[in-house]
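# Survey of secondary and tertiary structure
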Amino acid sequence: MLIGRVVGRMLLAVAVVLASGDVVLAFGPGEHAGIATGEVVTLLSGHPTPEGLIPGIAGLRALISFLLELPAWAVIGPIGAAICWLCRRRPKRYRFRPG
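Report on the accompanying structure. (Residues numbered from 1 in each chain as written. Predicted model: local features only at pLDDT ≥ 70, side-chain atom pairs only at ≥ 80, totals over all residues. Heavy atoms only, no water.)

## As for the overall build of the protein chain
Within the protein chain, the secondary structure is distributed over 4 helices and 0 strands. Start at the N end of the protein chain and walk to the C end: the helices and strands fall as α-α-α-α. Relative to the 2.2 N^0.38 estimate, which gives 13 Å for 99 residues, the radius of gyration of the protein chain is 19 Å and therefore markedly larger than a compact globule would have. On the principal axes, the C-alpha backbone points of the protein chain span a range of 70 × 40 × 20 Å. When each of the 99 residues of the protein chain is scored for burial, the buried share is 19%. For the protein chain, the exposed area adds up to about 7,800 Å²; of that, 71% sits on carbon and sulfur atoms. Averaged over its 10 positive side-chain charges, the protein chain has a centre that lies 36 Å from the centre of its 5 negative ones. (Helix = DSSP H or I, 4+ residues; strand = E, 2+ residues; numbered from the N terminus. Rg over C-alpha atoms; globule rule 2.2 N^0.38 Å. Buried < 20%, exposed > 50% of the residue type's maximum accessible area, 1.4 Å probe, protein only. Areas by Shrake-Rupley, 256 points an atom, 1.4 Å probe, with all protein chains shown as cover. Lys, Arg positive; Asp, Glu negative; His and termini not counted. Charge placed at Lys NZ, Arg CZ, Asp CG, Glu CD.)

## Focus on a nonpolar patch on the surface
Residues Ile 57, Leu 60, Leu 63, Phe 66 and Leu 67 make up a contiguous nonpolar surface patch of about 450 Å² in total accessible area. Within the fold, Phe 66 resides in helix α3 (residues 58-69). Look at Phe 66 and you get partly exposed, because its relative accessible area is 47%. (Patch = residues over 30% accessible without salt bridge, like charges linked within 9 Å, V, L, I, M, F, W, Y side chains within 5 Å. Salt bridge = Lys/Arg side-chain N within 4 Å of Asp/Glu carboxyl O.)

## So, the packing of aromatic side chains
Scanning the model with the defined rule gives 0 aromatic pairs in all. Note that Arg 88 overlies the ring of Trp 85, its terminal NZ or CZ placed 4.5 Å from the centroid. (Phe/Tyr/Trp six-rings, centres within 6.5 Å; stacked < 30°, edge-to-face > 60°. Lys NZ or Arg CZ within 6 Å of the ring centre and 35° of its normal.)

## Things to note about the nonpolar core
Here is a general trend for soluble globular proteins: nonpolar side chains tend to be buried in one another's company. Ala 15, Leu 18, Val 40, Ala 72 and Ile 76 together form the largest nonpolar core, which totals 5 residues. Elements with a minimum of two residues in this core: α1 (2-27) and α4 (72-86). When near neighbours in sequence (up to four residues on either side) are disregarded, Val 40 contacts Leu 18, Ile 35 and Ala 72. (Core = buried A, V, L, I, M, F, W, Y, C linked by side-chain atoms within 4.5 Å. Contact = heavy atoms within 4.5 Å.)

The structure is reproduced here in structure tokens:
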């Protein structure tokens, strides 16, 4: 569970950095082009997301392309928050308590 909390917090930190980068780009001169999730995936993988790797189910393909067009912080942030919540510390529960 410790690893899950660390990974979740790292994803939240990356989301904050991406959001601040988006704000800096918004204040710059010219047209505002935010940091899309597809751009981050391309930078991390080294090649653009090919259409052949996306499964043939039309609804799933539409969902993946929709997620790749969203701002990166809007995809990575909730994933990090969910991992942090799922790996939180909880009190131990005892199934059997002798009487």
